[in-house]
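Observations on chain architecture
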Amino acid sequence: MTGSLVSDRSHDDILGRHRLKPWYFSPYPQELTSLPILYLCEFCLKYLKSLKCLQRHLTKCNLRHPPGNEIYRKGTISFFEIDGRKNKNYSQNLCLLAKCFLDHKTLYYDTDPFLFYVMTEYDSKGFHIVGYFSKEKESTEDYNVACILTLPPYQRRGYGKLLIEFSYELSKVEGKTGTPEKPLSDLGLLSYRSYWSQTILEILMDLKPDNGERPQITINEISEITSVKKEDVISTLQYLNLINYYKGQYILTLSEDIVDGHEKAMQKRQPRFFLCVLCFTCHKGCWI
Ligand code: ACO
Ligand code: ZN
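Residues numbered from 1 in each chain as written. Chains lettered and ligands numbered in written order. Predicted model: local features only at pLDDT ≥ 70, side-chain atom pairs only at ≥ 80, totals over all residues. Heavy atoms only, no water.

- As annotated in an unreviewed UniProt entry, the protein chain is histone acetyltransferase from Gouania willdenowi.
- Turning to the protein chain, the UniProt record has this under Sequence similarities (unreviewed entry): "Belongs to the MYST (SAS/MOZ) family."
- Taken verbatim from the UniProt record of the protein chain, the Subcellular location (unreviewed entry) comment is "Nucleus". (UniProt positions renumbered as here; feature names shortened; annotations may be inferred.)

This is how it looks when you write it as structure tokens:
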């Protein structure tokens, strides 16, 4: 691809202490695409053509965290909420970086209609970006995530599911159900399937018998409790093969394999968070 940062694999991004190999085309300015390495300030995400330029930039750049409000913190993990209109430069730079790892997403310049939720990990040098998701300020299609990304050095450590969980916690605060924008990438689908399955199984396994009768729950109730859109609840139940037709009605059957698999997966999972409306408003956070 002409003008592509990824036209050959020797074109890398340096971000903080990480060297990232882009997976896909990202429309950085044409004159920079012939460089073997692009240097990014890990805090404001500005791209520079040389290490020297980056070093000069770092003497002037005061940011040690993403711009915007820190809306959640527990331990070393924080979430920052960034308005695509108020922090246009940062949001555009974030989109350019994200596009290196997202195949079919096209948002780079018109960031006004979006909010960006950036997850960071803190150490003595600052708040280092781990991943993010973007979200339309108004979605007519119930989308609660536009793009979601864990930067490659942090992938497969549970951060993706933490980002997904956060997106649903925001939907709960809004009192809405939500769904990620389609199409999902292969990795996106894997992560969402895993999150939906665990979230729904947790509810089903907590159901108590009702006066000795089989416990009952509707798809709508599962959707309301989890903020997962109804269609995604149904597709997950089908994917897990839980739905059976028995004596004229639909029943959900949890096999021992499913229960065991779920319990093992939950033991491995990162500590979870629940946004409380109070803390969301005061921009601190709580971790229950
Ligand atoms: N191979 C197999 N399984 C994987 C892989 C992989 N490479 N990566 C993640 N998974 C599985 C994990 O095993 C886990 O499932 P489990 O808990 O049941 O074992 C689940 O996916 C989530 O894993 P996490 O570690 O929480 O996710 P991660 O931090 O790696 O982030 C993400 C997942 C965000 C999709 C990441 O792979 C990524 O950024 N990919 C590139 C960008 C992308 O494709 N984004 C989604 C586009 S769709 C959209 O934006 C709406
Ligand atoms: Zn900077």
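Moving on from the model shown.
1. Things to note about the packing of helix α4 (residues 186–206) against helix α7 (residues 256–268)
- At a minimum axis distance of 11 Å, the contact between α4 and α7 shows a crossing angle of 115°. Between α4 and α7 the crossing geometry is left-handed. Contacts from Q198, L201, E202 and M205 of α4 reach α7 at I258, V259, H262, E263, A265 and M266.
- Here the contact of α4 with α7 is built from residues that sort into six nonpolar, two polar and two charged. (Axes fitted to C-alpha atoms, helices over the stretch in contact; angles between N-to-C directions. Helix = DSSP H or I, 4+ residues; strand = E, 2+ residues; numbered from the N terminus. Left-handed = near helix turned anticlockwise from the far one by under 90°. Contact = heavy atoms within 4.5 Å. Nonpolar A, V, L, I, M, F, W, Y, C, P; charged D, E, K, R; others polar.)

2. Some thoughts on the packing of α4 against helix α5 (residues 219–226)
- Where α4 meets α5, the closest approach of the two axes is 11 Å, and the angle between their N-to-C directions is 115°. The handedness of the crossing between α4 and α5 comes out as right-handed. Each of T199, I200, I203 and L204 in α4 lies in contact with α5, whose residues at this interface are I222, I225 and T226.
- Of the residues contributing to the contact of α4 with α5, the split by class is five nonpolar, two polar and no charged.

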